[in-house]
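# Chain and residue survey
Read off the chains here:
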Amino acid sequence: MQISDLPKYPLSQDEITVINEVIKKYRDKKGALIPVLQEIQKNIGFLPVEVQKKIAAELNIAEKEVYGVATFYSFFSMIPRGKNDIRVCLGTACFVKGGKKIADKIQKELGIKPGQTTLDRKYSLQVNRCVGACGLAPIIIINDKIYQKVKTEEVMDIIYSYNK
Amino acid sequence: MSEKEIKKISGLEDLVKISEKLKSLMEGKTVISICSGTGCKAYSSDDVHGKIVEELQKKIKESKTNADNIVIKKTGCHGYCERGPIMVIHPGQTCYLGVKPEDAPDIVESAINEKVVEKLLYKDENGSSIEKENDIPFYKHQQRIIFDCNAKIDPYSIDDYIMIGGYQALAKALKEMPPDKVLSEVKKSNLRGRGGGGFATGLKWETTKNAAGDTKYVIVNADEGDPGAYMDRSILEGNPHSVLEGLIIAAYTIGANHGYIYVRQEYPFAVKSIENAIENAREYGLLGKNIMNSGFDFDVKVHRGAGAFVSGESSALMAAVEGNVGEPRLKYIHTAVSGLWSKPTNLNNVETYANIPHIINNGAEWFRSTGTPGSSGTKIFSLVGKVNNTGLVEVPMGVTLRDIIYKIGGGIKGGKKFKAVQTGGPSGGVIPEALLDLPVDFDELYKAGSMMGSGGMIVMDESDCMVNVAHYFIKFLADESCGKCVPCREGLRQLLYIYERIINGQGQVEDLKLLEDLCILLENASLCALGGTAQNIVVTTLKYFRQEYGAHIYYKACPAMVCKPLIRYEISSDKCSGCTRCVKVCPVDAISGKPKEAHAIDQSLCIKCGACMEECPEKYSAIAKSTGIFEYEKEKEAVFADKGQ
């Protein structure tokens, strides 16, 4: 993905305030970049280029470094997340118990790949590394609620139940 | 309890006094402890908890005798995740499994009358009930040292931890043992790192202790990234103070005044639990300036990871704490000498730190009395996959794989045949049935071509394809490779191409040799252990399951019938009654046929989803899955040749 592919995202006044507050909190601390990115993503939902540029300027580090960190870690996203965040665990235990089938089914039904968001911004899909609930494999997580021992036939019913 | 009234703890006598006092308060009480680990939470144990509290309050209002004698506790993970939500009633140790909210009235009633709810007990194969937790086969064959306290304490209560003797090891170390003595005790204990490599903890501490410089750091590595392993999370969630106590002792020994706990982003409850523990410990004067009047200062911060498997590697983890891209570096100078912000840094795994208080309290000799000569103590494994009792198990080092899988794990699910067990996460390898009597410790697993890793143990049965499993791990590692060094980045990518070829039925005879050559390269030339150990899964599957590779390459067959391009579904015209159910269910309209006529599958359209086979009524069973030599799809071969691979 190229930066130029991403739509422009003008920051609103509220968002600028949030960003300023977060940066103020961490400004003179060692190793501030990751906590700053985490907190801003938590508030805004994703990390558009405009935000990254602002962080770089405020923390006085190179833009490429912010971009490097933001794209290295899987938790950070430069694409807006959907209203409902679906995460399918593909850890080994879930994988051997059919997690892949579940992920395929969701991709097919929603028409999005992992890391993408549906056009109506209702759902976004991620495949996760092991979330450590292996005893209950296969699992999916929707907005922090864990569904255990999910069956392929049931998965879309679970997902669509969020569309109310 | 009166947390705020207790002033800063001044030392060992103080801790003993508080512990005695708390114990006396609990005397004669019945404790209902409800597991609130992530596993049981997913089984809605929070609802069960709510209902029990409600029910008990009702009884208290009715001023039922004995009702005020009952205490309800939300604890960390008990380990038997398969049968959650789990509940244990102390002091009798009555264990209830699979508890539902509607069972609450019965449970409260029987706890008051000191009776047992029969239907919630464990039933053995003969149908007779087992009441006590320790008599259940899953627990009976374990030896729980680290994990034992999880079921007894509320992780959010520092008083609970102090009651069971918590922080006494720290008090003892600060008062009676100079750092050198602590170090020699840890060295004598022969404790080895529980996170993967199994490096001697004492030696690691000594290197950092002796390194030049005044500022030193200690770090807890809780970036438990191995898929299939979750013991570190369960310790942090269930008994965070034990890790904190171990960390403070390490800091005191080494001479560090600052520490970090690196927790991965996927573990929000663990972050909450350890942050709460730190706050409570600070209030009690167990963290901060002049801890228990010893003159020793120490404080700790939590760093949340942002999702990168490679960041569990020590130098990469330190780069991440510094706020940089979490890539490893060459370690010609160890992080023990020049780590975080180029200062000497000691990094150990969660479980390693949790062992320290036990060693200080009971001595190195005691610790060495468990386990094997080369690997002392116990190890927690997460037993998952195709096994009847999934969950966390703690056993002494040296127990055989067979005992873990069959005695504790209760054998293979659905009566299928055991095929292999994968240990050590993506860095480990697979172990076949012939080696099931292998005693599990650091050295034996290494000899078998696998490794302990952080203790993931994934059981696979005859329906798992070993080539596909190897492909899965190589894909995982190729995705997670940070890309800094060429052997790992390009080597893994080439391995992945070869695996894709093999599972698509386009494997060539030379591929096996190529896999082996690439493994040698990865092992010797990679910058860090991610690439360096990636070969384990390839080498062990090749060594123990070579015939499966052979079947894929020579016969274009997947014996376990997993690899889609190598299997096919066919309808037997003799058995088919023409009910059209499969025609309706086929997602790609590959099945043709009119009602009452035998149907047929168009193989060129079939995506091998298996829906038709599931749909076909049992009385006909007309659809069969097969694999073997069938016509090589010439067109695909041509496309493949075009790509020049």
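Criteria and cut-off values
- Residues numbered from 1 in each chain as written.
- Chains lettered and ligands numbered in written order.
- Predicted model: local features only at pLDDT ≥ 70, side-chain atom pairs only at ≥ 80, totals over all residues.
- Heavy atoms only, no water.
- Helix = DSSP H or I, 4+ residues; strand = E, 2+ residues; numbered from the N terminus.
- Rg over C-alpha atoms; globule rule 2.2 N^0.38 Å.
- Buried < 20%, exposed > 50% of the residue type's maximum accessible area, 1.4 Å probe, protein only.
- Areas by Shrake-Rupley, 256 points an atom, 1.4 Å probe, with all protein chains shown as cover.
- Lys, Arg positive; Asp, Glu negative; His and termini not counted.
- Charge placed at Lys NZ, Arg CZ, Asp CG, Glu CD.
- Contact = heavy atoms within 4.5 Å.
- Pairing = 2+ DSSP bridges.
- Axes fitted to C-alpha atoms, helices over the stretch in contact; angles between N-to-C directions.
- pLDDT = per-residue confidence, 0-100.
- Domains from an automatic or database assignment.
- Core = buried A, V, L, I, M, F, W, Y, C linked by side-chain atoms within 4.5 Å.
- Phe/Tyr/Trp six-rings, centres within 6.5 Å; stacked < 30°, edge-to-face > 60°.
- Lys NZ or Arg CZ within 6 Å of the ring centre and 35° of its normal.
- Buried area = accessible area lost by both parts, 1.4 Å probe.
- Salt bridge = Lys/Arg side-chain N within 4 Å of Asp/Glu carboxyl O.
- Patch = residues over 30% accessible without salt bridge, like charges linked within 9 Å, V, L, I, M, F, W, Y side chains within 5 Å.

### Side note on the overall build of chain B
Check the secondary structure of chain B and you find 26 helices and 19 strands. The C-alpha atoms of chain B give 28 Å as radius of gyration, which agrees with the globular expectation for 645 residues (26 Å, within 12%). Principal-axis analysis of the C-alpha atoms places the extent of chain B at approximately 85 × 70 × 40 Å. Relative to its 645 residues, chain B shows a buried fraction of 58%. When the accessible area of chain B is evaluated, it comes to approximately 25,700 Å², of which 50% is carbon and sulfur surface. Of the charged side chains in chain B, 76 are positive and 83 negative, and the gap between their average positions amounts to 1 Å.

### Re the overall build of chain A
When helices and strands are counted, chain A shows 7 helices and 4 strands. In chain A, the order of α-helices and β-strands from amino to carboxyl end is α-α-α-α-β-α-α-β-β-β-α. Overall size of chain A, expressed as C-alpha extent along the three principal axes, is 50 × 30 × 30 Å. Buried positions account for 49% of the 164 residues belonging to chain A. Within chain A, contacts between residues at least 6 apart in sequence are counted, and of these 61% link residues at least 24 apart. Element-wise, carbon and sulfur atoms account for 51% of the exposed surface of chain A, whose accessible area totals about 8,300 Å².

### Some words on the sheet that holds strand E4 (residues 94-96) of chain B
One key point about sheets: their strands pair by backbone hydrogen bonds, in either a parallel or an antiparallel sense. Residue and element names in this part refer to chain B. Spatially, 4 strands are ordered E2-E1-E3-E4 in an open sheet, and the strand pairing comes out mixed. A single partner strand is all that each edge strand has here, and the edge strands are strand E2 (70-75) and E4. In this sheet, adjacent strand axes meet at a mean angle of 20° when their direction is disregarded. The sheet contacts of helix H3 (residues 45-61) involve strand E1 (30-35), E2 and strand E3 (87-90), and relative to E2 the element is tilted by about 165°.

### Some remarks on the confidence of the model for chain B
Residue and element names in this part refer to chain B. For chain B, the mean per-residue pLDDT works out to 90, and 96% of the residues sit at or above 70. For chain B, helix H26 (residues 634-642) is the element with the lowest average pLDDT, namely 48, and helix H11 (residues 240-254) is the one with the highest, namely 97. Predicted confidence is poor over residues 630-636, with pLDDT under 50, and the contacts of this stretch with residues over four places away or in other chains come to 9 contacts.

### Here's the deal with the domain arrangement of chain B
We note that the domain assignment places domain 1 (17-140), domain 2 (158-368), domain 3 (378-461), domain 4 (466-554) and domain 5 (568-626) within chain B. For domain 4 of chain B and domain 5 of chain B, the distance between their C-alpha centroids amounts to 36 Å.

### Some thoughts on the domain arrangement of chain A
Accessible area lost during the coming together of the parts is what is often quoted as the interface size. Segmenting chain A into domains produces domain 1 (3-72) and domain 2 (84-163). Spacing between the C-alpha centres of domain 1 of chain A and domain 2 of chain A amounts to 29 Å.

### Some details on the nonpolar core
Within soluble globular proteins, side chains that are nonpolar generally end up buried alongside one another. If you look at the biggest cluster of nonpolar residues, it comprises 170 residues, and the most contacted ones within it are B:Tyr167, B:Leu244, B:Phe298 and B:Leu515. A:Val22, A:Leu47, A:Leu59 and A:Ala70 belong to the second largest nonpolar core, which has 34 residues in total.

### Here we look at the packing of aromatic side chains
Taken as a whole and assessed by the stated rule, the structure comprises 17 aromatic pairs over all chains. Consider the rings of B:Tyr80 and B:Phe138, whose centres lie 4.2 Å apart with planes at 10°: the pair is stacked. On the criterion of sequence distance, the pair formed by B:Tyr80 in the loop between E2 and E3 and B:Phe138 in helix H5 (residues 137-140) is long-range, its members being 58 residues apart. Ring centres of B:Phe309 and B:Phe476 lie 4.9 Å apart, and the angle between their planes is 80°; this geometry places the pair in the edge-to-face category. Residue B:Phe309 is located in the loop between strand E9 (299-304) and helix H13 (314-321), and its partner B:Phe476 is located in helix H18 (residues 466-480); the two are separated by 167 residues in the primary sequence. For B:Phe476, a relative accessible area of 1% corresponds to the buried category. These aromatic residues form a ring-pair network of at least three members: A:Phe72, A:Tyr73, A:Phe75 and A:Phe76. Over the ring of B:Tyr267 we find B:Arg233, and its NZ or CZ is 5.8 Å from the ring centre. It is B:Lys379 that lies over the ring of B:Phe381; its NZ or CZ is 5.8 Å from the centre.

### Quick word on the interface of chain A and chain B
Listed per partner, the contact involves 33 residues of chain A and 49 residues of chain B. Both sides of the chain A and chain B interface together cover about 3,500 Å² of buried area, and 58% of this is carbon and sulfur. The largest contributions to the chain A side of the interface with chain B come from A:Phe72, A:Thr92 and A:Arg129, which together make up 19% of the buried area. Our count for the contact surface shared by chain A and chain B stands at 1 salt bridge.

### Focus: unusual backbone geometry
Residue and element names in this part refer to chain B. A cis amide bond links Gly84 with the next residue in sequence, Pro85, at an omega value of -10°. Assignment of secondary structure puts Pro85 in the loop between E2 and E3. The residue after His90, namely Pro91, is reached through a cis peptide bond having omega 0°. Examined against the element boundaries, Pro91 turns out to sit in the loop between E3 and E4. In this structure, Asn290 is a non-glycine residue whose phi angle is positive, near 50°.

### Focus on a nonpolar patch on the surface
All names here are of chain B. Residues Leu330, Tyr332, Ile333 and Val337 make up a contiguous nonpolar surface patch of about 430 Å² in total accessible area. Within the secondary structure, Tyr332 is located in the loop between H13 and strand E10 (345-349). Taking relative accessible area as the criterion, Tyr332 reaches 70% and is therefore assigned exposed.

### Notes on helix H10 (residues 231-238) of chain B
Counting buried residues along H10(B), 8 of its 8 residues qualify, which places the element largely inside the surrounding structure. Looking at H10(B), one finds that the buried residues are B:Met231, B:Asp232, B:Arg233, B:Ser234, B:Ile235, B:Leu236, B:Glu237 and B:Gly238.

### Quick look at the side chain of A:Thr117
Here A:Thr117 lies in the loop between helix H6 (99-110) and strand E2 (123-128). When neighbours within four sequence positions are excluded, A:Thr117 is seen to be in contact with A:Ile79, A:Pro80, A:Arg81, A:Gly82, A:Ile112, A:Tyr123 and A:Ser124.

### Thoughts on the pairing of strand E13 (residues 418-423) of chain B
All names here are of chain B. Within E13, 6 of the 6 residues are buried, leaving the element largely enclosed by the surrounding structure. Both E13 and strand E15 (residues 456-461) contribute to a ladder of 5 bridges, which runs antiparallel. Paired with Val421 across the strands is Val459, a residue of E15. Alignment of E13 against strand E14 (residues 430-432), held across 3 bridges, turns out to be antiparallel. Paired with Val421 across the two strands is Ile431, which belongs to E14.

### Notes on the sheet that holds E9(B)
Residues and elements named next belong to chain B. Read across the sheet, 4 strands follow the order E9-E8-E7-E10 without closing on themselves; strand pairing throughout is parallel. A single partner strand is all that each edge strand has here, and the edge strands are E9 and E10. Recorded for the sheet is a direction-independent mean angle of 20° between the axes of neighbouring strands. In the sheet, strand E7 (residues 217-222) pairs with E10 via 5 bridges, with the strands oriented parallel. Paired with Val218 across the bridge in E10 is Asn346.

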